[in-house]
Amino acid sequence: MRIFANIELIKPNIMKKFILLAIICTVAAYCRSQQALWNNGVIVSPEINNNNTVTFRLNAPNAKSVQVTGDFLPTQKVKTPFGEFDAPGTADLKKNEHGIWEFTTTESLSPELYSYTFLVDSLRINDPANVYQLRDIASITNIFIIPGEQTEKYQVNDVPHGNVAKVWYNSPSLGLQRRMTVYTPTGYDDSKENYPVLYLLHGMGGDENAWSELGRAIQILDNLIASGEAEPMIVVMPNGNASQEAAPGETSNGMIPPTIRLPKTMDGTFEASFPEIVNYIDSHYRTKAEKSGRAIAGLSMGGYHSLHISKENPDMFDYIGLFSAAILPDNQNSSPIYSDFEGKLKTQFEKKPALYWIAIGNSDFLYDANKEFRKLLDDNGYPYEYHESPDGHIWKNWRIYLSQFAPRIFKPQK
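Basis of the calculations
- Residues numbered from 1 in each chain as written.
- Predicted model: local features only at pLDDT ≥ 70, side-chain atom pairs only at ≥ 80, totals over all residues.
- Heavy atoms only, no water.
- Helix = DSSP H or I, 4+ residues; strand = E, 2+ residues; numbered from the N terminus.
- Buried < 20%, exposed > 50% of the residue type's maximum accessible area, 1.4 Å probe, protein only.
- Contact = heavy atoms within 4.5 Å.
- Areas by Shrake-Rupley, 256 points an atom, 1.4 Å probe, with all protein chains shown as cover.
- 1 Å grid on protein atoms, 1.4 Å probe; cavity = no way out; pocket = protein on both sides within 12 Å on 5 of 7 lines; lining within 4 Å.
- Points joined across faces, edges and corners; volume = space filled by probe spheres on them.
- Nonpolar A, V, L, I, M, F, W, Y, C, P; charged D, E, K, R; others polar.
- Salt bridge = Lys/Arg side-chain N within 4 Å of Asp/Glu carboxyl O.
- pLDDT = per-residue confidence, 0-100.
- Pairing = 2+ DSSP bridges.
- Axes fitted to C-alpha atoms, helices over the stretch in contact; angles between N-to-C directions.

**A closer look at the overall build of the protein chain**
Okay, step 1: When you go through the protein chain residue by residue, the secondary structure sums to 8 helices and 20 strands.
Okay, step 2: The burial tally for the protein chain puts 48% of its 414 residues in the buried class.
Okay, step 3: Here the contacts in the protein chain between residues at least 6 apart in sequence split such that 73% fall between residues at least 24 apart.
Okay, step 4: For the protein chain, the computed accessible surface area is about 21,000 Å², with 53% contributed by carbon and sulfur atoms.

**Some thoughts on the environment of Ala406**
Okay, step 1: Secondary-structure assignment places Ala406 in the segment after α8 (395-405).
Okay, step 2: Linking Ala406 and Ala230, residues 176 residues apart in sequence, is a C-alpha distance of 6.0 Å.
Okay, step 3: With sequence-adjacent residues up to four places away left out, Ala406 is seen in contact with Leu224, Ala230 and Met233.

**Quick look at empty space enclosed by the protein**
Okay, step 1: Counting across every chain of the model gives 1 cavity of 30 Å³ or more.
Okay, step 2: Of the pockets and cavities examined, the largest cavity occupies roughly 30 Å³.
Okay, step 3: Looking at the largest cavity, the residues that line it are Gly205, Gly206, Asp207, Asn241, Gln244, Pro248, Pro258, Thr259 and Leu262.
Okay, step 4: Across the lining of the largest cavity, the residue classes tally to 3 nonpolar, 5 polar and 1 charged.

**A word on the pattern of salt bridges**
Okay, step 1: One pass over the structure, following the stated rule, counts 14 salt bridges.
Okay, step 2: A salt bridge links Glu250 to Arg179, with the shortest nitrogen-to-oxygen separation between them at 2.6 Å. Taken together, the positions of Glu250 in the loop between β16 (234-238) and α4 (269-284) and Arg179 in strand β14 (residues 176-184) put the pair 71 residues apart, joining distant regions of the chain.
Okay, step 3: Judged by relative accessible area, Glu250 falls into the partly exposed class, the value being 36%.
Okay, step 4: The exposure class assigned to Arg179 is buried, which follows from its relative accessible area of 7%.
Okay, step 5: Across the salt bridge formed by Glu385 and Arg408, the nearest N and O atoms sit 2.5 Å from each other. On the criterion of sequence distance, the pair formed by Glu385 in strand β20 (residues 385-389) and Arg408 in the segment after α8 is long-range, its members being 23 residues apart.
Okay, step 6: On the accessibility criterion, Glu385 (21% relative accessible area) is partly exposed.
Okay, step 7: Three or more residues joined by partner-sharing salt bridges are found here, namely Glu47, Arg57 and Glu102.

**A closer look at the confidence of the model for the protein chain**
Okay, step 1: Considering every residue of the protein chain, the mean pLDDT works out to 89; 86% of them sit at 70 or more.
Okay, step 2: With pLDDT under 50 throughout, residues 27-41 is counted as low confidence; its partners more than four residues away or in other chains account for 2 contacts.

**Remarks on the sheet that holds strand β17 (residues 294-299)**
Okay, step 1: Across the sheet, 8 strands lie side by side as β13-β14-β16-β15-β17-β18-β19-β20; this open sheet has mixed pairing. Each end of this open sheet is capped by a strand with a single partner; those strands are β13 (163-171) and β20. Recorded for the sheet is a direction-independent mean angle of 20 degrees between the axes of neighbouring strands.
Okay, step 2: Inspection of the sheet shows strand β19 (residues 355-361) paired to β20 by 5 bridges, in the parallel sense. Its bridge partner lying in β20, Trp357 is registered against Glu385.

Have a look at this one:
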């Protein structure tokens, strides 16, 4: 403060220099703060070009090799303890004179939500220029969307929106307080109407966050309902891992590592406990608490659960969707849930479900199991609807299946 006490005594030219210095210091400090905030602003990655090719960039001047891996690239076969799977391929980035590594896809990408990561000297890292990421079990990947007719359903558009809640319920049979994600459509809070319910189940290693985050279920339902393609409905996305309270890191167990090696996933425990979820929803929400007002669908393990829950409760669900579903348990499983499979299936179809919907990719590792199951249905004259798509056991297919299945339910069937 003493510097300014006798400011009138400072000569004008000195005063001008002082003010200029102060301005320079202020601007420099501002620029440093902006650099810290926008430290990757000079790198654009991914860049979606006009022809829907995509350019990836990474500033890594000291790296010896940089690759990108993602589901937009041709797949490669990978052997795991659970079988042989299609895994994302890789592509090499090239370093320019500024130390920036770059790769542009050779072909235009079709409209879809894609995921990717970088491999820097074989170390997997996320793209520091892209803040948009998702967790799939224990993998964190960046994402981007190629715009188009299909992906319009995955976007947050200027339409009325439903609400999403994380709901805890008590499961006496499992001895746990458990969490599920519940979507209520626009208009629910302001009406007195009762709504049909879709129970939407995730795959192995997933949790109650999977469909709302990886599957874009909220955006899909908002957009389909707004366009009139789907009926307004409640969507319940439970945690299908019977040993878990909720998603990893969001339970009393703390920040445990996510894994697919969880107990009680496909041993009949979750299927047996499922009516508790239905009873909770019917008692806490305005539902059409009848067979014609309920649907159940799921992917992979969730398809397996949907298959067995629906046959165990033939008067509970009128609409069943099996997305890349696992079908039968291994021979070591003695749960009564899986006994008399064909007899229970016969009872279910005698009660004439309104829609039995099966979809799978033509390179899915569960393709043969689904083919055998369809033969069983055909041999017995059980009606179902079948959809086959390209690609394998991937979220791309499951988002598409949901966007196809949701418009078919809770409507008179053709």
